Amino acid sequence: MKIDLYDTTLRDGAQSPGISFTTEDKLRIITALDEFGIDYIEAGNPGANPKDAELFEKAAGLNLKNSKLCAFCSTCHAGVKAYQDEALIKTVNAGTDIVTVFGKSWLLHVEKIIQTNAEENLRIIFDSVKFLKDNKKTVFFDAEHFFDGYFDNPEYAIKVLQTAKDAGASVLILCDTNGGKMPDEIGSIVMDVRARIARPQINKNLMRYPDDQWSPLQNKIIPVGIHCHDDNGLAVAGTLAAVKNGAVQVQGTVNGLGERCGTANLCVVLPNLQLKLNYDCVPGENLKNLTSLARYIAEITNIAFNENTPYIGGHAFTHKAGMHIDALNKLPSSIEHICPDLIGNVRNTLVSEVAGRAALINKMRQFMPGITKDSQELKDALNLIKSHESDGYQFENAEGSLSLLLLKSANKHKIFFTVETFKIILSEPGAKSGKPSATIKIKVDGIEEITAAEGDGPVDALDKALRKALTMFYPKLKEMKLIDYKVRVLNSNAATAAKVRVLIESSDNNNHVWRTIGVSTDIIEASWNALLDSVEYKLSLDEGLLGV
């Protein structure tokens, strides 16, 4: 059975705190969603946002292969005819074939928020949907606050849906706008709606409209959709409950973006629907691009990617406990609920004091495929790691530095460059003499290069100077960027003489993300060591030495 995916990242997702999409951002996201195979993309509200109006003009030139763009708008205001409502007119002129219009289904909102009465609310819903239909639009109706409205007055909430259907809506979407309903409540209400709305008998007494406004649309079968917010942490569960009870359109966002706590995360809903419940959503080969899609959109939104996200997160298939890793090596399905390849993720085993040889052997096999648990090389590598950990290193979250350490242990490490000297010049805080600067002298294949750079701090200056020098020899370093920098004091009792651990997170244009580590009593030296590892990892990755 086909379940339609309706993405609202560009509208509901844009309501997340700290997120502001440019028009170019939105166009890039639309293209990515289309290539992935999303059925419907809600691109914005042209009636309320001039930037969205501009977007729809530019999006008209996109050659979408899989997706249909939707414009979003509210019903007309109380006391105003739909054909006179400026926002509805702008939405019609946005040029999309589909318009999603939302209206109130909770009497509390009708009376206290938009301050009108129950009958006028039904009038503006009917008038708005019919106006859009008269302008040749396919109309999806979002019943805002539907589940709260149903709990308060089920007959009125159903009447709202019936009104939208009678006016010509093609899909009725039930919205848990407050995000507080339990999955079983959502499931049972969806079932009731389908029973009462799918094939109702014609009842002209349901509402008071002139006979010429009634049509055979009253008696058609109409699909039901679901839109859940995540305020109780159950948006995905509520969405799945709705589908199991007959909803055929699922609304949500990539990475769960959205108002307050967000909306249902399509990157979690989708694999659950397709891999667990056997619904047809996207082609199987497209599903393998799910992880890269999520990371790509996180990069555009400029937010930290949640590595704990089921299915797509970096921790989703990461194993640390020795017993788990031993089981993984013998039979992956004994410890993983799906194969990570299905959604484009990767399996990872952490090397730490609780993992031992079972974890390390998986890492070593990237460089020495024939290694066994009794190999001397494995014992030597384990001793090397334990020695570093006794000095304050911790490799379970610094896989980049770990890979380089194992490369050296396997005698497969390549020396890409040597640092001859470096110097940092610091200015007194607040002085007019400028930012911190760094001068670096490196050697590559016997050729020396000296460069200097300023930065927002000494580490930033070192980073810029180093890559400025190396880019002449390794142009692909331009793809690399530092995305996070953390410092932890290891033995605070030693005060300013304490060791610090620096963790640097880096990425490139190919969506590779890696972390490197440095430890020293000198924060600059610790940062420098982590920085060197970060650059060496990128060069080793491009050279094909890491087996990634």
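Before reading further, recall that the structure is shown in the block above.
Reading the values: rules and limits
- Residues numbered from 1 in each chain as written.
- Predicted model: local features only at pLDDT ≥ 70, side-chain atom pairs only at ≥ 80, totals over all residues.
- Heavy atoms only, no water.
- Salt bridge = Lys/Arg side-chain N within 4 Å of Asp/Glu carboxyl O.
- Helix = DSSP H or I, 4+ residues; strand = E, 2+ residues; numbered from the N terminus.
- Buried < 20%, exposed > 50% of the residue type's maximum accessible area, 1.4 Å probe, protein only.
- Phe/Tyr/Trp six-rings, centres within 6.5 Å; stacked < 30°, edge-to-face > 60°.
- Lys NZ or Arg CZ within 6 Å of the ring centre and 35° of its normal.
- Core = buried A, V, L, I, M, F, W, Y, C linked by side-chain atoms within 4.5 Å.
- Contact = heavy atoms within 4.5 Å.
- Axes fitted to C-alpha atoms, helices over the stretch in contact; angles between N-to-C directions.
- Parallel < 35°, antiparallel > 145°, perpendicular 65-115°, else oblique.
- Left-handed = near helix turned anticlockwise from the far one by under 90°.
- Nonpolar A, V, L, I, M, F, W, Y, C, P; charged D, E, K, R; others polar.
- Polar contact = N/O pair within 3.5 Å; in protein donor to acceptor, adjacent residues only side chain to side chain.
- Pairing = 2+ DSSP bridges.
- Expected span 1.5 Å × (residues − 1).
- Patch = residues over 30% accessible without salt bridge, like charges linked within 9 Å, V, L, I, M, F, W, Y side chains within 5 Å.
- Areas by Shrake-Rupley, 256 points an atom, 1.4 Å probe, with all protein chains shown as cover.

(A) Looking closely at the pattern of salt bridges. Inspection of every chain in the model, using the stated rule, returns 32 salt bridges. The partner of Asp127 in a salt bridge is Arg123, with the nearest N and O atoms 3.0 Å apart. One end of the pair is Asp127 and the other is Arg123, both in helix α5 (residues 118-134) and four residues apart, which spans about a single turn. Both residues of the pair, Asp127 and Arg123, belong to the buried class. Shared partners join several salt bridges into a network, and the residues in it are Arg295, Glu307, Glu399, Glu505 and Arg515.

(B) Quick peek at the environment of Glu111. One can find Glu111 in helix α4 (residues 107-113). Exposure remark for Glu111: the relative accessible area of 44% places this residue in the partly exposed category. Taking the C-alpha atoms as reference points, Glu111 and Asn121, 10 residues apart in sequence, are found 9.3 Å from one another.

(C) Expanded view of the packing of aromatic side chains. Under the counting rule described, the total for this entry stands at nine aromatic pairs. Measuring from ring centre to ring centre gives 6.3 Å for Tyr6 and Tyr40, while their planes differ by 40 degrees; the resulting arrangement is tilted. Of this pair, Tyr6 sits in strand β1 (residues 4-7) while Tyr40 sits in strand β2 (residues 40-44), and the two are 34 residues apart along the sequence. The class for Tyr40 is buried, based on a relative accessible area of 14%. Members of the aromatic cluster, joined through ring pairs, are Tyr6, Tyr40 and Phe140. The ring centre of Phe72 lies 3.9 Å from the NZ or CZ of Arg11, which sits over that ring. It is Lys181 that lies over the ring of Phe151; its NZ or CZ is 4.9 Å from the centre.

(D) View of the nonpolar core. Phe141, Phe146, Val193 and Leu273 are the most contacted members of the largest nonpolar core, which totals 93 residues. Contact partners of Phe141, with chain neighbours within four places excluded, come to Val101, Phe102, Gly103, Ile125, Val129, Val160, Ala164, Ala169, Val171, Leu172 and Ile173. Formed by 52 residues, the second largest nonpolar core is a distinct cluster that contains Leu378, Phe395, Phe417 and Leu531.

(E) Representation of the packing of helix α8 (residues 183-197) against helix α9 (residues 235-244) in the model. Contact pair α8 / α9: the axes reach a minimum separation of 8 Å and the direction vectors enclose 25 degrees. Taken together, the axes of α8 and α9 lie roughly parallel to each other. Seen from above, α8 lies across α9 with right-handed handedness. Residues Pro183, Ile186, Gly187 and Val190 of α8 pack against Ala237, Gly238, Ala241 and Ala242 of α9. Among the residues forming the contact of α8 with α9, the class breakdown is six nonpolar, two polar and no charged.

(F) Focus on unusual backbone geometry. Even without glycine at this site, Asn278 takes up a positive phi of about 65 degrees. When you line up the elements, Asn278 lands in the loop between α10 (266-276) and α11 (284-287). The exposed category is assigned to Asn278, whose relative accessible area is 62%. The backbone of Asn411 sits at a positive phi, close to 60 degrees, despite the residue not being glycine. Its location among the elements puts Asn411 in the loop between α16 (399-409) and β11 (418-425). Relative accessible area serves as the criterion here: at 72%, Asn411 is assigned to the exposed category.

(G) The side chain of Asp85, seen in detail. Turning to its location among the elements, Asp85 is positioned in the loop between β3 (68-74) and α3 (86-92). A distance of 3.1 Å separates the side chain of Asp85 from the backbone nitrogen of Leu88, its partner in a polar contact. Among all residues touching Asp85, those that are not within four sequence positions of it are Cys76, His77 and Val80.

(H) Spotlight on the sheet that holds strand β14 (residues 481-489). The strand order across the open sheet built from three strands is β14-β15-β16, with neighbouring strands paired in antiparallel fashion. Either end of the sheet is taken by a strand with one partner, and the two such strands are β14 and β16 (513-520). Between one strand axis and the next, the sheet turns through 15 degrees on average, direction left out of account. Judged from the eight bridges that link them, strand β15 (residues 500-507) and β16 form a sheet pairing that is antiparallel. Considered in β16, the bridge of Glu505 is made with Arg515. Across the sheet, helix α18 (residues 523-542) lies against β14, β15 and β16, angled at about 150 degrees from β16, the strand it touches most.

(I) Here's a closer look at the sheet that holds strand β13 (residues 447-454). Pairing is antiparallel in the open sheet, where three strands are placed in the order β11-β12-β13. Sheet topology places β11 and β13 at the edges, where each strand pairs with a single neighbour. Neighbour-to-neighbour, the strand axes of this sheet turn through a mean angle of 10 degrees, independent of strand direction.

(J) Layout of helix α1 (residues 23-36). Its 14 residues place the ends of α1 20 Å apart at the C-alpha level, agreeing with the 20 Å of an ideal helix rising 1.5 Å per residue. Of all the positions in α1, only Thr23, Asp25, Lys26, Leu27, Ile29, Ile30, Ala32, Leu33, Asp34 and Phe36 are classed as buried. With its phi angle positive at about 115 degrees, Gly37 sits one or two positions after the end of α1.

(K) Just the pairing of strand β8 (residues 249-252), in detail. Alternating positions in β8 separate into two faces, Gln249 and Gln251 on one and Val250 and Gly252 on the other, with burial throughout. Note: β1 against β8, four bridges, orientation parallel. From the neighbouring strand, Tyr6 faces β8, where its bridge partner is Gln251. As defined by bridge partners, strand β7 (residues 224-228) adjoins β8 across three bridges and the pair is classed as parallel. Bridge pairing links Gly225 to Gln249 in β8.

(L) Representation of a nonpolar patch on the surface within the structure. On the surface, a cluster of nonpolar side chains totalling about 240 Å² of accessible area is made up of Leu108, Ile113 and Ile114. Here Leu108 is to be found in helix α4.

(M) Representation of the environment of Met368. The topology assignment puts Met368 in the loop between α14 (357-364) and α15 (376-390). A sequence separation of 10 residues divides Met368 from Leu378, and the C-alpha atoms of the two residues are 9.8 Å apart. Leaving out residues up to four positions away in the same chain, Met368 has contacts with Glu377, Ala410 and Lys412.

(N) Here's a closer look at the pairing of strand β12 (residues 437-444). Summarising the sheet, β11 and β12 pair through seven bridges and their orientation is antiparallel. Considered in β12, the bridge of Lys423 is made with Thr439. Summarising the sheet, β12 and β13 pair through eight bridges and their orientation is antiparallel. Residue pairing for β13: Ile440 is matched across the bridge by Thr451. Between the antiparallel neighbours β12 and β13 lie two residues, among them Asp445 with a positive phi of about 50 degrees.

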